[in-house]
Amino acid sequence: QLSSLLVSAVDFTRRSNRFVGSRAMAESVVRDATQKAADLPFESVLAHDRARQRTLVTVGCVAILAVMSLTARPTMSMWLRRNVLLQNVTWPLRNHLTVEGLTDGKLIVPRNEDATISAVVDRGYEPPRQAFVEFETAAAGSGREQMPATSHQEVRFTHTFERLSQSLRCRVVGGDAETEWFDIMVVDRPQIKDAVIEISPPAYTRQPAYELRSGQTVADVLAGSKVRLRVAPNKPLSKAVLVRQDANREVEVGPASSTDSIHFVSDISPTSTSTYQFSLLDTIGLSNRSERLIPMRFNIRLVADKPPAVKVRIKDVGDMIAKEAILPIESTFADQYGLASAGIAFEITREGQPPRFTVEPIPGFEPATRNFTRKIDFAGEQHHLAEGDRLSVYCQATD
């Protein structure tokens with residue numbers, strides 16, 4: 001009933017600090033509106049009945065929550081923690097599964113080998129009728145496989161991924177149970193990716209040490225040689241041990257030495273033909289031994305030093321000679337690594353006396369010579385030959 005008078009008065013009051021116009025007129029309007037509105041019942045526009053109704057509803061809800069808190073304390077406590085305090089609290093479940101063998105949410109599996117997932121029903125929970133493993137791969141997408149149940153002391157659900165070649169992200173579901181996602185990490189077993197055999201022949205051969213071509217694992221070595229095996233694995237190792245195969249058993253030779261966990265050296269002095277291999281262990285506990293992985297083998301075959309080769313020839317001489325005869329003896333000596341001695345041996349047999357045996361060194365021979373040829377004139381009178389004696393002549397040498 002005040003029409004525009006009240007609207008104008010309110011507007012003048014709001015703009016009192018930035019009012020443009022007759023300030024006396026504005027004050028008159030505000031004063032007139034205040035006098036005429038003094039008796040108006042403004043509170044009559046408020047919905048008191050609705051306020052009372054909603055107050056009763058609010059009090060009723062609070063009362064219901066109080067009763068529920070007293071009669072269903074665990075449920076209400078969980079509701080409060082999840083919905084009010086926003087805590088990660090699991091709802092009550094009939095089924096609960098735990099995946100076995102995980103370390104920090106991961107299961108490590110060697111590449112191209114089988115991985116068995118095992119989920120056990122936790123004590124105090126019912127086993128679900130069925131369980132499934134859900135998995136995701138970076139290349140092939142996702143999948144789902146059923147897990148057969150086994151029952152011994154406790155119910156387990158298992159599934160085997162055969163010959164895994166790539167990592168998986170998995171979880172196990174069954175009934176109202178749902179495990180956290182976990183990773184199956186596919187890693188390579190430790191293997192030797194490069195190998196070199198270094199051979200140091202015996203000192204008497206006067207040969208320098210030499211290496212076989214990279215990757216060659218079979219070596220023929222002289223007795224007395226020293227062999228060094230240098231290997232480089234495909235990943236850092238915590239340990240590498242050289243093992244010798246003897247008949248049907250393995251004999252540990254000793255740990256290989258390394259300065260950087262990626263290059264290993266092992267020295268041996270073989271006394272017989274043997275097969276060697278390295279037992280490797282990486283930093284996460286995987287070895288190079290499995291049914292599907294054959295470790296690299298080194299075959300060291302011990303060969304004997306061949307004896308010297310000796311030839312002797314007495315040209316144009318028959319089976320009978322005079323005691324004054326001079327025999328032209330041509331001798332040849334050879335050895336692969338060098339001769340230690342060379343001589344001509346004479347055995348004279350006379351009737352009624354024991355045989356006389358003599359070895360005469362060959363003039364001009366020098367030790368360590370590999371090939372040596374010499375012609376010697378054997379004089380019968382100088383060796384006191386008599387009629388009827390039997391003379392045997394041969395050459396001998398040592399390496």
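What you are looking at is a predicted structure, and each value in this text was computed from that prediction instead of being measured.

Visitor: I'd like a description of the sheet that holds strand β20 (residues 297–303), backed by residues and values.
Guide: Judged by pairing direction, the sheet is mixed, and its five strands sit side by side in the order β13-β20-β19-β15-β16 without closing on themselves. Of all strands in the sheet, those bounded by a partner on one side alone are β13 (218–222) and β16 (249–255). The average undirected angle you get between the axes of adjacent strands in this sheet is 30 degrees. Here strand β19 (residues 274–282) runs beside β20; their pairing, made up of four bridges, is antiparallel. Bridging from a neighbouring strand, Thr275 pairs with Asn299 of β20.

Visitor: Just give me the short version of the packing of aromatic side chains, but keep the residues and values in it.
Guide: Per the counting criterion, the structure on display carries seven aromatic pairs. On the basis of an interplanar angle of 90 degrees and a centroid distance of 6.4 Å, the ring pair of Tyr204 and Tyr337 is categorised as edge-to-face. One end of the pair, Tyr204, is in the loop between β11 (192–200) and β12 (210–211); the other, Tyr337, is in the loop between β22 (326–334) and β23 (341–349), with 133 residues separating them in the sequence. Here Tyr337 falls in the buried class, since its relative accessible area comes to 8%. Aromatic ring contacts, followed pair by pair, group Phe333, Phe365 and Phe372 into a single cluster. Over the face of the ring belonging to Phe132 we find Arg144, whose NZ or CZ atom lies 4.0 Å from the ring centre.

Visitor: Break down the sheet that holds strand β7 (residues 155–164) for me, with residues and values.
Guide: Strand order across the open sheet formed by four strands is β1-β3-β7-β6, with antiparallel pairing between neighbours. Since the sheet does not close on itself, it has two edges, and those belong to β1 (97–99) and β6 (149–151), each with one partner. With strand direction ignored, the average angle separating the axes of adjacent strands in the sheet is 30 degrees. Two strands pair when backbone bridges link them, and β6 and β7 are joined in this way by three bridges, in the antiparallel orientation.

Visitor: I'd like to hear about the side chain of Ser274, residue by residue, with values.
Guide: With respect to the helices and strands, the residue Ser274 is situated in strand β19. When its relative accessible area of 7% is taken as the criterion, Ser274 is described as buried. Other than its neighbours up to four places away in sequence, Ser274 contacts Arg244, Phe298, Asn299 and Ile300.

Calculation rules
Residues numbered from 1 in each chain as written. Predicted model: local features only at pLDDT ≥ 70, side-chain atom pairs only at ≥ 80, totals over all residues. Heavy atoms only, no water. Pairing = 2+ DSSP bridges. Helix = DSSP H or I, 4+ residues; strand = E, 2+ residues; numbered from the N terminus. Axes fitted to C-alpha atoms, helices over the stretch in contact; angles between N-to-C directions. Phe/Tyr/Trp six-rings, centres within 6.5 Å; stacked < 30°, edge-to-face > 60°. Buried < 20%, exposed > 50% of the residue type's maximum accessible area, 1.4 Å probe, protein only. Lys NZ or Arg CZ within 6 Å of the ring centre and 35° of its normal. Contact = heavy atoms within 4.5 Å.

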